[in-house]
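Inside the fold
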Amino acid sequence: MNINIYKTKEELSDKLSDYIIQNHLNGSIALSGGSTPLLLFKDLSKKLKERRNLNTKFFWVDERCVPPESDESNYKMAKENLFINNIFNSQNIFRIKGEIEPEKELINYNNILSENLLIDKKIPSFDLIILGLGDDGHTASLFPHEFLNFRNKEDCIIASHPSSGQKRISLSEKIINNAKEVIFHVTGSGKKYVIDEIINKRGNYKSYPASYISPKSTNLSWYLDFEASEMLTK
Ligand code: 6PG
């Protein structure tokens, strides 16, 4: 496990975008949503602004079951900040269709993964998965209240947000752990305690889905800013 700590979220995003450009432009990448990736998307599109029709394959770690125009759509944030000026070939952007009835889109997205990714031991394998982390220890849309229901799933799952009940489609733990490389991209002091518990395997870490992210490739890295890593450096 590699832990990379940067003074600010801006410096983190600058270094992580450089790493992705140097190592993953020709591969398959699964993106998370939420607020953390916004800086990364902006840095990537700024650094690649002269490029056109790159063949990077983009997928989502999870998507809220809302229309793509919704401000809650993970795809919308990427479309507005990363997929601009035809930098990337739109044929290789595989969004989860949040507007489709979840049970139907689940089948559809499982098929998209099987058709567009390498299959390793019957499970789709991404080159890179970028994960966020919730302060309750969730990652993707693998939430503590229902995580155990999905532990043996080898495909995508339909999750429910613990407080809003909002449906989401998410990669399963097994698909995430089948990736060649997994990166946790986490910033802010709100995550410092859960990061400490997960990395140091203490406190409530066993109740956190993020604790079970352990790629078979062993290629797992954390990209943290000072605020998020504060407990680690005490
Ligand atoms: C989502 C994400 C989710 C996110 C964490 C962290 O759809 O919301 O995939 O897993 O990564 O909740 O969210 P923030 O980046 O907003 O803290």
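Structure report, in brief. (Residues numbered from 1 in each chain as written. Predicted model: local features only at pLDDT ≥ 70, side-chain atom pairs only at ≥ 80, totals over all residues. Heavy atoms only, no water.)

Some words on the environment of Leu16
Put simply, the rule is: Helix and strand definitions here come from DSSP, where helices need a minimum of 4 consecutive H or I residues and strands a minimum of 2 consecutive E residues; each element is numbered from the N-terminal end. For this analysis, residues touch if any pair of their heavy atoms sits within 4.5 Å.
Along the chain, Leu16 falls in helix H1 (residues 9-23). Spatially, the C-alpha atoms of Leu16 and Leu54 are 19 Å apart, while their sequence positions differ by 38 residues. For Leu16, the contacting residues outside a window of four places in its chain are Leu40, Ile183, His185 and Tyr223.

Digging into the site of the ligand
Heads up, the rule is: Here a residue is near a molecule or strand as soon as one of its heavy atoms is found within 4 Å of it. Per-residue and other accessible areas were derived by the Shrake-Rupley procedure at a 1.4 Å probe size, with only the shown protein chains allowed to occlude residues. In this analysis a 1.4 Å probe is tested at points of a 1 Å grid over the protein atoms alone, and where it fits but cannot get out there is a cavity; an open set with protein on both sides within 12 Å along at least five of seven lines is a pocket; lining residues have an atom within 4 Å of a point. Those molecules having more than half of their atoms within 2 Å of a cavity or pocket grid point set are described as sitting in that cavity or pocket. Classification convention: Asp, Glu, Lys, Arg as charged; Ala, Val, Leu, Ile, Met, Phe, Trp, Tyr, Cys, Pro as nonpolar; all other residues, Gly among them, as polar.
Neighbouring residues of the ligand: 14 residues in total, closest Thr36, Asp62, His138, Ala140 and Lys191. The protein chains hide 87% of the 410 Å² of surface that the ligand would expose on its own. With respect to the detected pockets, the ligand is housed in the largest pocket. Among the residues making up the shell around the ligand, the classes are represented as two nonpolar, eight polar and four charged.

Describing the pattern of salt bridges
Test applied: We count a salt bridge whenever a side-chain nitrogen from Lys or Arg sits within 4 Å of a carboxyl oxygen from Asp or Glu. The classification of residues rests on relative accessible area computed with a 1.4 Å probe and restricted to protein chains. Under 20% of the type maximum is buried, over 50% is exposed, and intermediate values are partly exposed.
Applying the stated criterion to the full structure yields 14 salt bridges. Between Lys46 and Asp43 there is a salt bridge whose closest N-O contact spans 3.7 Å. With Lys46 and Asp43 both in helix H2 (residues 37-47) and three residues apart, the pair spans about one turn of that helix. For Lys46, a relative accessible area of 52% corresponds to the exposed category. Since its relative accessible area comes to 10%, Asp43 is described here as buried. One salt bridge connects Lys76 with Glu80, and the closest N-O pair in it is separated by 3.2 Å.

Don't take any of this as a statement about function, it's just geometry.
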